[in-house]
There are 2 protein chains.
Amino acid sequence: MGNTLSLTAFVMNTASHITHGTWKQPEGQQRDFGQLELWVSLAKKLEEGGFDALFLADVIGLYGDYEGGWDFHVRNGLQIPSNDPVVLASALAANTNRLGLAVTANNYQQPPFSFARQLSTLDQISKGRIAWNIVTGSSDNGFKNLGHDGLVSHDERYDTVDEYVDVLYKLWEGSWDDEALKKDRETGIYSDPEHVHKIHHEGKHYRVEGPHLVSPSPQRTPLLFQAGASTRGKEFAAKHAEAVFIATPNPEVAKALINEMTDIVARNGRAKEDIQFFQGLSFVIGDTEEEAWEKSRQLEEVTDLKMMIAHMGGGMGIDFGEWDLDTPLEDIETEGVRSMFKWVAQGIPDRTPTLADLAAHHTKNTRIVGTPEQIADELAKWLDAGVSGINVMNAFIPSSYTEFIDKVIPVLRERGLVKAHDNTARTLRSRLFGRDKVNERHPAAQYRHYFTKENQFV
Amino acid sequence: MGNTLSLTAFVMNTASHITHGTWKQPEGQQRDFGQLELWVSLAKKLEEGGFDALFLADVIGLYGDYEGGWDFHVRNGLQIPSNDPVVLASALAANTNRLGLAVTANNYQQPPFSFARQLSTLDQISKGRIAWNIVTGSSDNGFKNLGHDGLVSHDERYDTVDEYVDVLYKLWEGSWDDEALKKDRETGIYSDPEHVHKIHHEGKHYRVEGPHLVSPSPQRTPLLFQAGASTRGKEFAAKHAEAVFIATPNPEVAKALINEMTDIVARNGRAKEDIQFFQGLSFVIGDTEEEAWEKSRQLEEVTDLKMMIAHMGGGMGIDFGEWDLDTPLEDIETEGVRSMFKWVAQGIPDRTPTLADLAAHHTKNTRIVGTPEQIADELAKWLDAGVSGINVMNAFIPSSYTEFIDKVIPVLRERGLVKAHDNTARTLRSRLFGRDKVNERHPAAQYRHYFTKENQFV
């Protein structure tokens with residue numbers, strides 16, 4: 001909204017999310033992620049410090065094997081143990097007033113009726129501050145935890161999630177008209193039955209009668225985040241997402257991706273301004289450039305490259321544990337690695353890239369090192385590229401965020417790169433888009449006043 | 001634990017739970033159940049005032065028809081709208097320190113893996129204060145909301161929940177050994193893989209690979225509540241429940257039921273002291289007996305008998321809307337009513353009972369009217385009958401509880417009928433049973449050290 005950057009904090013309810021190994025340092029309080037106090041304190045700091053939302057990533061199962069199994073993941077705390085984000089979001093909603101709270105969940109974790117009710121309840125108690133990051137599941141073990149034989153095919157996952165969100169939209173937007181809720185002590189009418197509808201959904205994957213049990217929450221449909229990168233994923237995002245999480249290597253690539261997406265968005269009957277892009281970045285901040293690079297060097301020292309490569313391979317279905325970290329990438333004969341070779345090589349033109357370089361590449365690639373002023377210079381470029389927000393990744397919780405708040409945000413404010421401090425309690429969608437509900441071009445909107453009293457007895 | 005009564009507050013995240021119609025009065029702040037502040041304030045009062053737990057009832061669908069449909073339910077707020085209890089419990093956990101929080105959920109609402117994770121997360125952030133009230137679903141609409149053709153048969157429901165809890169026990173008790181979690185910065189070991197296990201559950205209704213994603217919470221298995229009243233339900237409770245919610249008409253009946261259950265408990269290899277009984281009661285409190293009865297008369301005046309009978313019939317599958325409230329019960333030719341006739345007639349020997357009498361019977365039957373001293377006298381009888389706790393039902397939130405706290409609890413304390421005020425933060429199970437985990441006779445305990453490193457690669 002306007003030419004400023006929104007800020008979200010990208011975290012996971014686990015000890016080692018992305019910058020692996022840092023929980024082993026005293027500064028890495030994420031080691032104690034099971035203690036609510038850590039999160040409440042962080043959420044309050046983010047809210048006070050000018051962040052728009054806390055974004056909770058999630059995976060409902062183990063990453064793929066490393067060194068032949070999952071011992072490595074357990075030993076190093078690589079996203080296991082991990083706790084439920086919906087439960088955490090509720091506890092944080094009860095302890096904040098303005099901060100948005102984004103939860104990640106795939107469509108296999110709960111039947112749509114139960115999930116719709118939990119999110120509507122969250123949106124009510126938070127007074128409209130909830131976002132849902134729609135994922136389709138990517139972990140073989142995750143599917144085996146939920147009754148499947150293993151990872152469901154990419155296409156079937158997207159077919160299923162298409163229907164899942166359709167059910168949710170019916171419940172969130174169509175089941176209760178705006179006029180339904182009365183709570184009228186005089187007439188004794190709590191809700192007007194003319195305006196509360198069953199949805200009678202009968203699809204290929206889901207059957208849901210309704211009505212939705214929760215009366216309309218401030219946003220009805222929570223703000224919808226998505227991060228699909230495949231062709232089908234981009235189509236899905238262009239159709240449904242209001243905020244898209246991207247992890248591009250530089251503003252130019254971001255700009256190209258945003259342009260590509262804008263075309264797909266238009267093809268889906270939506271407008272450019274209906275969708276915002278949040279670039280994932282992490283920061284190493286110094287009072288001088290030298291200090292920043294010294295801190296960066298220290299961070300690289302405590303970053304566990306084996307964990308980095310286990311995480312990356314676990315997501316790709318490649319067990320990199322077969323190779324030493326100093327193995328030249330060109331010696332690793334797998335399709336996925338060959339395609340990344342050039343990408344990694346660009347960053348280190350002076351020598352042959354190794355597995356360790358690949359491990360380090362991803363986070364270094366999205367890390368900005370410098371003084372607050374230099375960081376502001378860089379962020380201005382992302383803003384110019386069309387990015388609406390930065391999803392701030394961390395090395396240490398809470399210090400990655402407190403440093404950013406204390407040192408970088410004041411400079412960003414001075415330069416008008418972020419909004420001025422705003423104490424108004426408002427919905428998350430209002431904060432990002434200036435309105436509480438999805439607009440008329442969003443597919444959820446088709447179900448407004450779609451169900452009539454007549455068809456609900458079908 | 002000892003010869004005192006525990007106290008739980010029996011509420012639902014809705015406007016009209018049991019004493020129907022009272023939301024229409026200014027005193028009935030449950031009208032605004034969607035506002036978190038109401039619940040946070042209540043929870044803090046209960047905690048400070050000496051209650052052991054807040055018990056959140058739930059139904060995941062509409063009650064059966066009244067007057068030919070569900071308009072009546074919507075118009076009167078009869079358990080619709082209603083919000084999710086797990087989400088509410090988390091927000092309350094974050095705002096209390098000692099109060100137990102019991103959530104109701106049936107085994108169809110979420111796959112066992114997802115549900116186990118949410119409850120473990122709740123138990124962690126609450127530091128062990130969570131109970132689960134196990135229900136099997138009773139609403140036809142509820143099943144249609146969750147993908148079924150309608151109400152699943154009673155036997156199949158119990159078969160399914162038997163397997164569901166078995167999966168949960170494996171995740172909660174067996175997947176992580178006590179020695180597993182290290183969080184050790186020196187060695188860099190977060191968890192010891194020798195002590196984290198997949199469960200490889202393959203049953204008739206569920207397939208779950210594991211491992212559980214959440215490290216052991218303070219109670220592991222949350223305290224288990226149940227309220228089964230059928231033969232199969234009693235067997236289930238005797239086997240699994242640690243606290244049983246009963247709604248008997250008087251201490252004699254309670255005593256007989258407790259004796260009956262004690263035999264079944266023994267047959268299931270558990271001991272009398274492994275299971276506690278919580279009697280549901282409501283209270284009308286006066287400084288004098290006359291004042292109490294005048295308040296009781298006023299409460300009857302504002303109680304909506306049509307809602308009472310709609311609720312009762314909706315649970316029985318009888319649409320009582322066909323009959324006027326003054327219809328003599330003997331004229332209503334349905335099996336369910338004939339069996340209740342004698343029960344209602346006992347309370348009004350001087351005339352022929354009507355549908356209105358049946359409507360009023362249930363709550364009046366479990367309502368104690370009197371001065372704090374008289375109420376204490378009555379509660380002493382329940383304690384003598386073998387009841388361990390009172391599940392305090394309300395007419396008005398919060399005043400039914402604040403009055404009980406201000407006027408009755410001091411007298412109960414004086415007489416040693418409830419525990420002295422205890423500021424210790426402890427788990428809910430410790431509060432009720434003096435230990436954090438289920439004991440060795442509980443079926444969940446069989447899975448301790450059940451899974452070995454060897455069998456997890458099966």
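Residues numbered from 1 in each chain as written. Chains lettered and ligands numbered in written order. Predicted model: local features only at pLDDT ≥ 70, side-chain atom pairs only at ≥ 80, totals over all residues. Heavy atoms only, no water.

Here we look at the overall build of chain A
Phase 1 of the analysis: Looking only at helices and strands, chain A features 15 helices and 13 strands.
Phase 2 of the analysis: Its C-alpha atoms give chain A a radius of gyration of 22 Å, near enough to 23 Å, the size a compact globule of 458 residues would have.
Phase 3 of the analysis: Judged by the C-alpha coordinates and their principal axes, chain A covers about 75 × 55 × 45 Å.
Phase 4 of the analysis: Expressed as a percentage of the 458 residues in chain A, the buried residues total 64%.
Phase 5 of the analysis: Looking at chain A alone, contacts between residues at least 24 apart form 77% of all its contacts between residues at least 6 apart.
Phase 6 of the analysis: As displayed, chain A offers around 16,300 Å² of accessible surface, 48% of which is attributable to carbon and sulfur atoms.
Phase 7 of the analysis: Across chain A, the centroid of the 47 positively charged side chains sits 5 Å from that of the 66 negatively charged ones. (Helix = DSSP H or I, 4+ residues; strand = E, 2+ residues; numbered from the N terminus. Rg over C-alpha atoms; globule rule 2.2 N^0.38 Å. Buried < 20%, exposed > 50% of the residue type's maximum accessible area, 1.4 Å probe, protein only. Contact = heavy atoms within 4.5 Å. Areas by Shrake-Rupley, 256 points an atom, 1.4 Å probe, with all protein chains shown as cover. Lys, Arg positive; Asp, Glu negative; His and termini not counted. Charge placed at Lys NZ, Arg CZ, Asp CG, Glu CD.)

As for the packing of aromatic side chains
Residues and elements named next belong to chain A.
Phase 1 of the analysis: In total, this model carries 42 aromatic pairs over all chains according to the counting rule given.
Phase 2 of the analysis: Between W132 and W172, the aromatic rings sit 6.4 Å apart at their centres with planes inclined by 75°, giving edge-to-face as the arrangement. Taken as a pair, W132 in strand β4 (residues 130–135) and W172 in helix α6 (residues 154–174) lie far apart in primary sequence, 40 residues in all.
Phase 3 of the analysis: Residue class for W132 comes out buried when judged on its relative accessible area of 1%.
Phase 4 of the analysis: On the basis of relative accessibility, which here comes to 3%, the residue W172 falls in the buried class.
Phase 5 of the analysis: Here a set of aromatic residues connected by ring pairs shows up, and it is made of F10, F55, F225, F245 and F278. (Phe/Tyr/Trp six-rings, centres within 6.5 Å; stacked < 30°, edge-to-face > 60°.)

Notes on the domain arrangement of chain A
Residues and elements named next belong to chain A.
Phase 1 of the analysis: Considered domain by domain, chain A is made up of domain 1 (6–285 + 374–455) and domain 2 (299–362).
Phase 2 of the analysis: The distance between the C-alpha centroids of domain 1 and domain 2 comes to 29 Å.
Phase 3 of the analysis: Listed per partner, the contact involves 23 residues of domain 1 and 16 residues of domain 2.
Phase 4 of the analysis: For the domain 1 and domain 2 pair, buried surface summed over both sides reaches about 1,700 Å², with 67% attributable to carbon and sulfur atoms.
Phase 5 of the analysis: On the surface where domain 1 and domain 2 come into contact, there are 2 salt bridges.
Phase 6 of the analysis: Of the charged contacts, one joins K306 and E67 as a salt bridge, the two residues approaching to 3.1 Å between their closest N and O atoms.
Phase 7 of the analysis: The interface formed by domain 1 and domain 2 contains 8 residue pairs in polar contact (both at pLDDT 80 or more). (Domains from an automatic or database assignment. Buried area = accessible area lost by both parts, 1.4 Å probe. Salt bridge = Lys/Arg side-chain N within 4 Å of Asp/Glu carboxyl O. Polar contact = N/O pair within 3.5 Å; in protein donor to acceptor, adjacent residues only side chain to side chain.)

Examining the interface of chain A and chain B
Phase 1 of the analysis: Between chain A and chain B, the residue contacts involve 82 residues of the former and 82 residues of the latter.
Phase 2 of the analysis: Roughly 7,000 Å² of surface becomes buried between chain A and chain B when both sides are summed, with 54% attributable to carbon and sulfur atoms.
Phase 3 of the analysis: At the boundary of chain A with chain B, the tally comes to 8 salt bridges.
Phase 4 of the analysis: If one sorts the elements of the side of chain A that touches chain B by residue count, helix α4 (residues 112–125) of chain A sits on top with 8 residues.
Phase 5 of the analysis: Per-class residue counts for the side of chain A that touches chain B are 34 nonpolar, 28 polar and 20 charged. (Nonpolar A, V, L, I, M, F, W, Y, C, P; charged D, E, K, R; others polar.)

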